[in-house]
Amino acid sequence: MSNIKGWSDFSEVSYILSAYVPDKPNSKPEFISVDADSITLSLSSLSQSNGDIATHYALYMQTDFTGTPTLLETYTVDNNNITLVAADEGLTAGQHYFFYYELVNSQGNSPASDIIEIALADYPTAPTTLTKDDLMSSENSIFIKWESAAETQINVIGYELWMDRGSDGYFS
């Protein structure tokens, strides 16, 4: 700035960041693993979005869609994989949980990602004693019997039966 006497001293240096909140994450949390004690999810990488780098995640959990979501803060992060330990987060084996996340930068939180539903439970054991029922089978059909898999913290909801057509291990 100047007047008739000349120029004033310079002002202090200021910086302006031309940025906005991050865009919505391009994917919902991805399922990695689960057992009765923990859930591991993969989230999209923290990257530059709308002029600023996303610095961390805001991960939310709900047990249904009527309550207020819980912001989770005690998880561990390893290469975008987040592990939630049941004892640390108050999770209950056998319960279904809904997860979503937001990316956070200096301007705020992104819109929420899509939701993933995961049940905190061990995988069921494989069925045993798979046998052919000769009385029910015919030239055009094969009837198979097996003992039910043992229940875990949640109910078994179905089975998949794969068959090798005699092509040395090509199952379909």
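As the structure is a prediction and not an experimental result, all values here were calculated from the model. (Residues numbered from 1 in each chain as written. Predicted model: local features only at pLDDT ≥ 70, side-chain atom pairs only at ≥ 80, totals over all residues. Heavy atoms only, no water.)

Novice: Can you explain the side chain of Ser-110? Please cite residues and give values.
Specialist: Topologically, Ser-110 is positioned in the loop between strand E12 (108-109) and strand E13 (116-119). If sequence neighbours within four positions are ignored, Ser-110 has contacts with Pro-22, Asp-23, Lys-24, Pro-25, Glu-102 and Leu-103. (Helix = DSSP H or I, 4+ residues; strand = E, 2+ residues; numbered from the N terminus. Contact = heavy atoms within 4.5 Å.)

Novice: Can you tell me about the nonpolar core, naming the residues and giving the values?
Specialist: The biggest cluster of nonpolar side chains holds 21 residues, and the ones touching the most others in it are Ile-39, Leu-84, Leu-91 and Phe-99. Of all the secondary structure elements, the ones that give two or more residues to this core are strand E4 (38-42), strand E7 (56-62), strand E10 (81-85), strand E11 (96-105) and E13. Examining the composition of this core, we find that four residues originate from one element, E11, more than from any other. Leu-84 has contacts with Asp-37, Ser-38, Ile-39, Leu-59, Leu-72, Tyr-75, Glu-89, Leu-91 and Phe-99, leaving out every residue within four places of it along the chain. (Core = buried A, V, L, I, M, F, W, Y, C linked by side-chain atoms within 4.5 Å. Buried < 20%, exposed > 50% of the residue type's maximum accessible area, 1.4 Å probe, protein only.)

Novice: Explain a nonpolar patch on the surface to me, and be specific about the residues and the numbers.
Specialist: Together, Leu-130, Ile-142, Ile-144, Trp-146, Tyr-159 and Leu-161 make up an exposed nonpolar region whose accessible area comes to about 570 Å². In this fold, Leu-130 is placed in strand E14 (residues 128-132). Exposure remark for Leu-130: the relative accessible area of 56% places this residue in the exposed category. (Patch = residues over 30% accessible without salt bridge, like charges linked within 9 Å, V, L, I, M, F, W, Y side chains within 5 Å. Areas by Shrake-Rupley, 256 points an atom, 1.4 Å probe, with all protein chains shown as cover. Salt bridge = Lys/Arg side-chain N within 4 Å of Asp/Glu carboxyl O.)

Novice: Tell me what's going on with unusual backbone geometry, and back it up with residues and numbers.
Specialist: Positive phi is not limited to glycine here, since Asn-79 has a value of about 50°. Structurally, Asn-79 is set in the loop between strand E9 (76-78) and E10. The phi dihedral of Asn-80 is positive, around 70°, even though this residue is not glycine. Mapped onto the elements of the fold, Asn-80 is located in the loop between E9 and E10. Using a relative accessible area of 24% as the deciding quantity, one classes Asn-80 as partly exposed.

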